[in-house]
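Listed below, chain by chain, are the residues.
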Amino acid sequence: MSRAVKGTIVVEGQELTISNPEKLLWPEMGITKAVFLQRLAALSPWLLKHCQDRLLTTIRYPDGVNGKSFYQKNCPTPAPDFVETVPSESIDYVKLTSLPVLLWLGNLACLEYHASFDRISDPVRPTEWVIDLDPSLEEEPRIMEAALLTGDLLQSLGISSTPKTSGATGVQIIVPLVKDLSFDELRRIGEFVGAYLADKHPKLFTVERLKKHRGDLIYVDYLQHYQGKTIIAPYSPRARAGASVSTPLHWDEVRRGAAIADFNLLNIEERLIREGDLLDQVPAQTLRPILSFIGKGQAKS
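So, a few notes on the structure that sits alongside this text. All residue numbers refer to position in the chain's written sequence, counted from 1. Confidence filtering applies because this is a predicted model: local features only for residues at pLDDT of at least 70, side-chain atom pairs given and counted only at 80 or more, and all residues used for totals across whole chains, interfaces and linings. The side-chain figures draw on all heavy atoms in the structure; neither hydrogens nor water molecules are used.

Points about the overall build of the protein chain
Tallying secondary structure elements over the protein chain gives seven helices and 15 strands in all. Taking 2.2 N^0.38 as the reference for a compact globule, 301 residues should give roughly 19 Å; the C-alpha atoms of the protein chain span a radius of gyration of 20 Å, in line with that estimate. In terms of overall dimensions, the protein chain has a C-alpha envelope of 70 × 40 × 40 Å along the principal axes. The classification of residues rests on relative accessible area computed with a 1.4 Å probe and restricted to protein chains. Under 20% of the type maximum is buried, over 50% is exposed, and intermediate values are partly exposed. For the protein chain, buried positions account for 51% of its 301 residues. Only DSSP runs of H or I covering at least 4 residues are called helices, and only runs of E covering at least 2 are called strands; the numbering of each starts at the N terminus. The globule rule used here is 2.2 Å times the number of residues to the 0.38 power, and the radius of gyration it is set against is calculated over C-alpha atoms.

Overview of the sheet that holds strand β6 (residues 70-72)
Reading across from one edge, β6-β5-β9-β15 is the order of the four strands in this open sheet, with antiparallel pairing throughout. Looking at strand neighbours, the two that pair on one side only are β6 and β15 (230-232), the edges of this open sheet. The average undirected angle you get between the axes of adjacent strands in this sheet is 30 degrees. As judged from the three bridges shared by strand β5 (residues 54-60) and β6, these two strands associate in the antiparallel manner. Within the sheet, the bridge partner assigned to Arg60 lies in β6 and is Phe70. Residue contacts are counted whenever heavy atoms from the two residues lie within 4.5 Å of one another. Here an axis means a line fitted to C-alpha atoms, over the contact stretch when the element is a helix, while the angle between two N-to-C directions is reported on a 0 to 180 degree scale. Against the sheet, helix α2 (residues 99-107) makes contact with β5 and β9 (110-119), and its axis sits at roughly 130 degrees relative to β9, the strand it touches most. A strand pair is defined by DSSP finding two or more bridges across the two strands.

Observations regarding helix α3 (residues 143-156)
Given a helix with a known number of residues, its expected span is that number minus one, times 1.5 Å. The terminal C-alpha atoms of α3, which comprises 14 residues, lie 20 Å apart, in line with the 20 Å expected from a rise of 1.5 Å per residue. What α3 keeps buried is the set Ile143, Met144, Ala146, Ala147, Leu148, Thr150, Gly151, Leu153 and Leu154. Positive backbone phi, at 80 degrees, marks Gly158, one or two positions downstream of α3.

A few points about helix α4 (residues 183-200)
For α4, with 18 residues, the first-to-last C-alpha span of 25 Å sits near the 26 Å given by 1.5 Å per residue. Residues of α4 that are buried include every one of Phe183, Leu186, Ile189, Gly190, Val193, Gly194, Leu197 and Ala198, and no others. Along the axis of α4, the buried positions cluster into a sector of 165 degrees, meaning they face one direction only. Facing away from the buried side of α4 by over 90 degrees, the exposed positions are Asp199 and Lys200. Arc definition: it is the arc formed by the directions from the helix axis to the C-beta atoms.

Quick word on the pattern of salt bridges
What makes a salt bridge here is a side-chain nitrogen of Lys or Arg within 4 Å of a carboxyl oxygen of Asp or Glu, nothing more. Evaluated as defined, the whole model comprises 16 salt bridges. For Arg142, the salt bridge identified is with Glu140, shortest N-O distance 2.9 Å. A network of salt bridges, in which partner residues are shared, links Lys49, Asp277 and Asp280.

Observations regarding the packing of aromatic side chains
By convention, a stacked pair of Phe, Tyr or Trp rings (six-membered ring in the case of Trp) has centres within 6.5 Å and planes under 30 degrees apart, an edge-to-face pair has planes over 60 apart, and any other such pair is tilted. Applying the stated rule across the entire model yields three aromatic pairs. Centre to centre, the rings of Phe192 and Phe293 are 6.4 Å apart; their planes meet at 85 degrees, and the pair counts as edge-to-face. Highlighted residues: Phe192 in helix α4 and Phe293 in helix α7 (residues 288-300), separated in sequence by 101 residues. Think of it as a cone above the ring: NZ of Lys or CZ of Arg counts as a charge over the ring if it is within 6 Å of the ring centre and within 35 degrees of the ring normal. A cation sits over an aromatic face here: Arg187 above Tyr226, 3.9 Å from the ring centre. In this arrangement the basic side chain of Arg214 is found over the ring face of Tyr219, its NZ or CZ atom lying 4.0 Å from the centre.

Dropping the structure here:
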């Protein structure tokens, strides 16, 4: 039996133990733990930005993407002194505040990073609204068409948004907000948008919650955006064979039919250097006029 290999590195003044650096985490892509940690470090300015002030859930794959996995909400133990936690409902969540913390989690084979919709500092007033387009099929060639129709509808309502691949099969439409609406109020807008899309395009969209009743339709999931629920963080890797990364897109890329698998751990850094964070390009906006419009329509009916 071969002995486990360990070494130490110093990052931002913190000493980290790295175990089994040559272990293959994404065998199909040839990505070892050492390569993964290098890619995490390159992604860290953006990944940290979108995970700070959020409750973090990771998914760990100790033997790589083809092995068993488990969700990690509580801070793994033992934890180094530089790891801070925040308690919430009897769980001690890791605060993803620095590169050493991110690399410590990466060494534990935390391959996916899911952030809460609610912020630690202000859990009741969201700073973005998200519609999750969730395919019923594992391979859905219409997902970018569905995203474009959703984006066009929002634009017709005066709402600017940014599409983001989930890195798996779906696309999320993200709308940055000023903090003036509650999660419940945003759900009312989401219900309106979902019902409209399902009525207008019944062969493409559904608001049916149960997957077994959706057939091949794409679920307009407006319920996921709520306090206590999570979303795959922008620029988080996914534990899929192609090492895909959840990536914000230009609407022109959606229009040209970009593929979710086009964006992965080995090419995402170059894109970020070239394009920057596309989630910064849409200013925060208020959806209160849309909520008022919906309320007037419901009152008339």
